[in-house]
Amino acid sequence: MKVNKNMVVGLTYELKVTNEEPESEPFSVEVRNEEDPFFFLFGNSGLPEAFENRLKDKTKGDPFEFVLQVDEAYGKPDDELIVSVPKSQFNQERGFQEDMLQEGNFLPLVDEDGYPMQAKIVKDLGEELLLDFNHPLTGMNLHFEGEVLEIREATDKEKEEGFMA
């Protein structure tokens, strides 16, 4: 069985990142091992297309190692996704604690359609917070090294709803 459209794929990997500086050294940001593999629905994952293309036609047990450049991954930061929001919107009634509202933290949020999202607190402006809604890996080159752990046909429900864990 090969990695292809409508297949649920399980991977183990280490993800390292670098910025666009030529001398940037890769540093590890995520490890998914056999106890906690990463699963996704090939062709309907929301992952960068180049990521899926690098894995296409691999089989169970195949190793992989590749780098996605910024433009192949999550792109460059979009200044329009950095916005100022009243701090009052992040109160205890909405499930936010004071210690969550620190610069550098990521806030778990939900968009108007009920989909989960997150925003990084860039700066506390007193009455407002400057939030960055860009993907956390925006502006980074992604260095993947891992192995295809599992491949199986997606169920009809998974094909309809998408699958990622």
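Everything below is about the structure printed above this text.
Rules used in this analysis
For every chain, the first residue of the written sequence is number 1, and numbering continues from 1 along that sequence. In keeping with the predicted nature of the model, local features appear solely for residues at pLDDT of at least 70, side-chain atom pairs appear and are counted solely at 80 or more, and the whole-chain, interface and lining totals rest on all residues. Side-chain numbers come from the whole structure's heavy atoms, not from hydrogens or water. For helices the rule is a DSSP run of H or I covering at least 4 residues; for strands it is a run of E covering at least 2, with both sets numbered from the N terminus onward. Only protein chains enter the calculation, and the probe is 1.4 Å; a residue is then buried if its accessible area is under 20% of its type maximum, exposed if over 50%, and partly exposed in between. Note on contacts: a residue pair is in contact if any heavy atoms of the two residues lie within 4.5 Å. Computed by Shrake-Rupley with a 1.4 Å probe, the accessible areas treat only the displayed protein chains as cover when residues are assessed. The charged-residue count follows a simple rule in which Lys and Arg add positive charge and Asp and Glu add negative charge, with His and chain termini not counted at all. The location of each charge is read from NZ of Lys, CZ of Arg, CG of Asp or CD of Glu. Here, nonpolar core refers to any group of buried Ala, Val, Leu, Ile, Met, Phe, Trp, Tyr and Cys residues whose side-chain atoms link them within 4.5 Å. In this scheme, strands are said to pair when DSSP sees at least two bridges between them. Lines fitted to C-alpha atoms define the axes here, with helix axes fitted over just the stretch in contact, and angles between the N-to-C directions of these axes take values from 0 to 180 degrees. What counts as a salt bridge is simple: a side-chain nitrogen of Lys or Arg found within 4 Å of a carboxyl oxygen of Asp or Glu. Two aromatic rings, drawn from Phe, Tyr or Trp (for Trp, its six-membered ring), form a pair once their centres lie within 6.5 Å of each other, and the interplanar angle then sorts them: stacked below 30 degrees, edge-to-face above 60, tilted otherwise.

S.K.: I tried to follow the overall build of the protein on my own but got confused; where do I start?
M.R.: If you tally the helices and strands in the protein, you get 2 helices and 9 strands. Reading the protein from its N end, one meets helices and strands in the order β-β-β-α-β-β-β-β-β-β-α. Viewed in the frame of its principal axes, the protein has a C-alpha envelope of about 55 × 45 × 30 Å. Classification of the 165 residues of the protein by burial places 33% in the buried group. Contacts in the protein between residues at least 24 apart in sequence constitute 65% of all its contacts with a sequence separation of at least 6. On the protein, roughly 10,300 Å² of surface is accessible, and the fraction owed to carbon and sulfur atoms is 46%. Mean positive and mean negative side-chain charge positions of the protein (16 and 38 charges, respectively) differ by 6 Å.

S.K.: Explain unusual backbone geometry to me, please; I cannot follow it from the model alone.
M.R.: In most cases, non-glycine residues show a negative phi, while peptide bonds are predominantly trans. In this model, Asn6 sits at a positive phi of 65°, which is unusual for a non-glycine residue. You can see Asn6 is positioned in the segment before strand 1 (7-18). At Asp57, a residue that is not glycine, the phi angle is positive and equals roughly 70°. Inspection of the secondary structure assignment puts Asp57 in the loop between helix 1 (49-55) and strand 4 (63-68).

S.K.: Help me understand the nonpolar core, please; the structure alone is not making it clear to me.
M.R.: Generally speaking, nonpolar side chains in soluble globular proteins are found buried as a group. Leu11, Phe40, Phe51 and Phe144 are the most contacted members of the largest nonpolar core, which totals 23 residues. Going through the elements one at a time, strand 1, strand 3 (38-41), helix 1, strand 4 and strand 9 (141-153) are the ones with two or more residues in this core. Per-element accounting of this core gives the leading share, 6 residues, to strand 1. Every residue in contact with Leu11, bar those within four places of it in the chain, is listed here: Arg32, Pro37, Phe38, Phe40, Phe51, Leu55, Phe64, Glu147, Val148 and Leu149. With 10 residues, the next largest nonpolar core counts Phe90, Leu101, Leu107 and Leu131 among its residues.

S.K.: Explain the sheet that holds strand 5 (residues 82-86) here, please?
M.R.: Remark on secondary structure: sheet strands pair via backbone hydrogen bonds, oriented parallel or antiparallel. A sheet is described by the order of its strands in space; here 4 strands give the open sequence 5-8-7-6, paired in antiparallel fashion. Single-partner strands in this sheet number two, and they are strand 5 and strand 6 (106-110). Strand-to-strand twist in this sheet, taken as the mean axis angle between neighbours without regard to direction, amounts to 40°. Where strand 7 (residues 116-124) lies against strand 8 (residues 128-132), 4 bridges are found, and the strand directions are antiparallel. Within strand 8, the position partnered with Lys120 by the bridge is Asp132.

S.K.: I'm lost on the pattern of salt bridges in this one. Help?
M.R.: When the charged atoms of two side chains lie near each other, side chains of opposite charge can form a pair. Taken as a whole and judged by the stated rule, the model has 5 salt bridges. A salt bridge links Arg32 to Glu30; its shortest N-O distance comes to 3.6 Å. The class of Arg32 is buried, set by a relative accessible area of 13%. Judged by its relative accessible area of 28%, Glu30 falls in the partly exposed class. Of the charged contacts, one joins Arg54 and Glu72 as a salt bridge, the two residues approaching to 2.9 Å between their closest N and O atoms.

S.K.: Looking at this structure, I do not really get the packing of aromatic side chains. What am I missing?
M.R.: For any pair of aromatic rings, the description consists of the separation of the ring centres together with the inter-plane angle of the planes. Counting across every chain of the model gives 10 aromatic pairs. For the pair Phe51 and Phe66, a centre-to-centre distance of 5.9 Å together with 65° between the ring planes defines the contact as edge-to-face. One end of the pair, Phe51, is in helix 1; the other, Phe66, is in strand 4, and 15 residues separate them in sequence. The exposure class of Phe51 is buried, given its relative accessible area of 3%. Three or more aromatic residues link up through ring pairs in this structure, and these residues are Tyr13, Phe38, Phe40, Phe42, Phe51, Phe64, Phe66 and Phe144.

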